[in-house]
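Here is what each chain is made of, one letter per residue.
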Amino acid sequence: MNVTATTVWNNCLMFIKDNIQPQAFKTWFEPIKPVKLSENSLSIQVPSKFFYEWLEEHYVKLLKVSLTKELGENAKLVYIIKMENTYGNREPFTEKIPSSNRASVPAQELDVAIKSKNPELKNPFIIPGIRNIKIESQLNPNYSFDNFLEGDSNRLARSAGMAVANKPGGTSFNPLLIFGGVGLGKTHLAHAIGVEIKDKYPERTVLYISAEKFTQQFIESVKKNTRNDFIHFYQLIDVLIIDDVQFLSGKSGTQDVFFHIFNHLHQNGKQVILTSDKAPVDMQDIEQRLLSRFKWGLSAELQTPDYETRISILKNKLYRDGVEMPEDIIDYVAKHIKTNIRELEGAVISLIAQSSFNKREVTIELAQQVVEKFVKNTKREVSIDYIQKVVSDYFEMDVATLQSKTRKRHIVQARQLAMFFAKKFTKASLASIGSQIGKRDHATVLHACKTVDNLAETDKQFKKYIEDLTKKFS
């Protein structure tokens, strides 16, 4: 009987198919092509380096058993990783090549012994230089659960975070979406979960990245024609933490690639943690299929801390910094700074600095001066919804009228002012502003902003509108 690479591989597939899930077989084994058989060595072609790495990590034992059954104890497997070259030749190059020439040829062969007696190779499929790439987690060890104090405002989010840290990918909190206003501890909690996971499971790959950085990397990969490498890299992560996911708003290409990465991670039991300044239901310009996945797990809100929590945060901050402060001063700061934790800690740092640099005793008077300046210099976060409400109230109309298609002059001007202030006071893109204010496009928002600038110079009454409304937002 003439034994060929195809017959050997088909026999292996019959064995493999009986031992794994149908979907896994279809995804990871159907695309493989047998190329050649040389004595006890079978060469197979796989679509990419990532594909090879996945087989090597998840199906090494299955491959070993199936091939040993066919070719005996000395069976070897040779991978041919198909790569596109720059000369238009898409056929796999099946000659063995030196490592220095790998960048200039369309494919490379990797010899991988199924059975190895080398004690250093714990996994016989490991190839030096490919699997041993260390990915830095980008986590800040200063953000831990120890200094993330629990209160009524954050109890659900903190408890969910602890559960995820104890069993990443193994709870129903996948994805875990932490949302809330500025300075309430979303980034701190996201880092704390990552730090705890790295401590408990040092072998797992954890990566923290901002949505903005993720988008920049994706754009760069498109420019360099390395989109698949970008996707494959993120599909290898065990715990992916993406901060400020609302930044993906309006970026359809980035949303599309994140959708595929998310699906892959979720289906393979990997953990996804997201932070956002708003709940999924309030996110604008995010594809529905992505929003539905955000809702698969748990959305936990971080709210403004209550008085007792603010006191605890201040005392913890002072304790960590080794500073003592009178109770009445702590009480004063906690009562007058209610907006967020970042401002609260900032005021304490300012107080300590004033006291130490100017050699002044920390008194209620000094606390009043610092808090007054701090609160005065802190800009309130203004949302597009809030802007539309303020403008509508000012012109004595409801928000639905402001957003309507009507071309009546006073309504058009109110709508243009809302767009102008949304551009001025928020970080939203023009497309996002237009979408939220009556489902207009970015060109309409750009035109509105130019019109407002022009009218401010030529129309005194219109200039007064701008001045009055600016006071309401400042």
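Here the structure is a predicted model, which means the values were calculated and not measured.

A. Structural detail: the pairing of strand S1 (residues 33–38). Pairing of S1 with strand S2 (residues 41–46) involves 5 bridges; the strand directions are antiparallel. Paired with Leu-37 across the strands is Leu-42, a residue of S2. Linking two consecutive strands that pair antiparallel, namely S1 and S2, is a turn of 2 residues; a positive phi of about 55° is found at Glu-39 within it.

B. Just the nonpolar core, in detail. Counting 28 residues, the largest nonpolar core has Trp-9, Phe-29, Leu-42, Leu-55 and Tyr-59 as its most contacted members. In this structure, Phe-29 is in contact with Trp-9, Leu-13, Ile-16, Ile-20, Ala-24, Leu-55, Tyr-59 and Leu-63, ignoring residues within four places of it in sequence.

C. How the structure looks around the environment of Leu-149. Here Leu-149 is to be found in the loop between strand S4 (107–113) and helix H5 (155–166). For the pair Leu-149 and Ser-312, spaced 163 residues apart in sequence, the C-alpha separation works out to 7.4 Å. Those residues in contact with Leu-149, other than ones at most four positions away along the chain, are Asn-154, Arg-158, Ser-312, Ile-313 and Asn-316.

D. Focus on the environment of Val-281. Within the secondary structure, Val-281 is located in the loop between strand S8 (271–276) and helix H10 (288–294). Note on Val-281: relative accessible area 66%, which makes it exposed. A sequence separation of 10 residues divides Val-281 from Leu-291, and the C-alpha atoms of the two residues are 7.9 Å apart.

E. Structural view of the packing of aromatic side chains. This model, assessed by the stated rule, comprises 19 aromatic pairs. Measuring from ring centre to ring centre gives 6.2 Å for Phe-258 and Phe-262, while their planes differ by 65°; the resulting arrangement is edge-to-face. Placement of both Phe-258 and Phe-262 in helix H9 (residues 252–267) is noted, with a separation of 4 residues, approximately one turn of the helix. Ring centres of Tyr-394 and Phe-395 lie 5.0 Å apart, and the angle between their planes is 90°; this geometry places the pair in the edge-to-face category. A residue is classified by how much of its surface remains accessible, and Tyr-394, at 24% relative accessible area, is partly exposed. Here a set of aromatic residues connected by ring pairs shows up, and it is made of Phe-214, Phe-218, Phe-230, Phe-233, Tyr-234, Phe-258, Phe-262 and Trp-296. Its end group placed over the ring of Phe-247, Lys-251 keeps NZ or CZ at 4.0 Å from the ring centre. In this structure, Arg-289 packs its charged tip against the face of Phe-259, placed 3.9 Å from the ring centre.

F. Examining the sheet that holds strand S9 (residues 298–302) more closely. Spatially, 5 strands are ordered S6-S7-S8-S5-S9 in an open sheet, and the strand pairing comes out parallel. Strands at the two margins of the open sheet, each flanked by one partner only, are strand S6 (206–210) and S9. Going from strand to strand, the sheet's axes swing by 15° on average, the running direction of each strand aside. Looking at chain direction, S6 and strand S7 (residues 239–243) are connected through 5 bridges and run parallel. In the strand pairing of S7, Ser-210 is matched with Asp-243. Helix H7 (residues 211–223) contacts S6 and S7 of the sheet and is inclined by roughly 90° relative to S6. The strands touched by H9 within the sheet are S7 and S8, with S7 carrying the most contacts at an inclination of about 145°.

The rules behind each value
Residues numbered from 1 in each chain as written. Predicted model: local features only at pLDDT ≥ 70, side-chain atom pairs only at ≥ 80, totals over all residues. Heavy atoms only, no water. Pairing = 2+ DSSP bridges. Helix = DSSP H or I, 4+ residues; strand = E, 2+ residues; numbered from the N terminus. Core = buried A, V, L, I, M, F, W, Y, C linked by side-chain atoms within 4.5 Å. Buried < 20%, exposed > 50% of the residue type's maximum accessible area, 1.4 Å probe, protein only. Contact = heavy atoms within 4.5 Å. Phe/Tyr/Trp six-rings, centres within 6.5 Å; stacked < 30°, edge-to-face > 60°. Lys NZ or Arg CZ within 6 Å of the ring centre and 35° of its normal. Axes fitted to C-alpha atoms, helices over the stretch in contact; angles between N-to-C directions.

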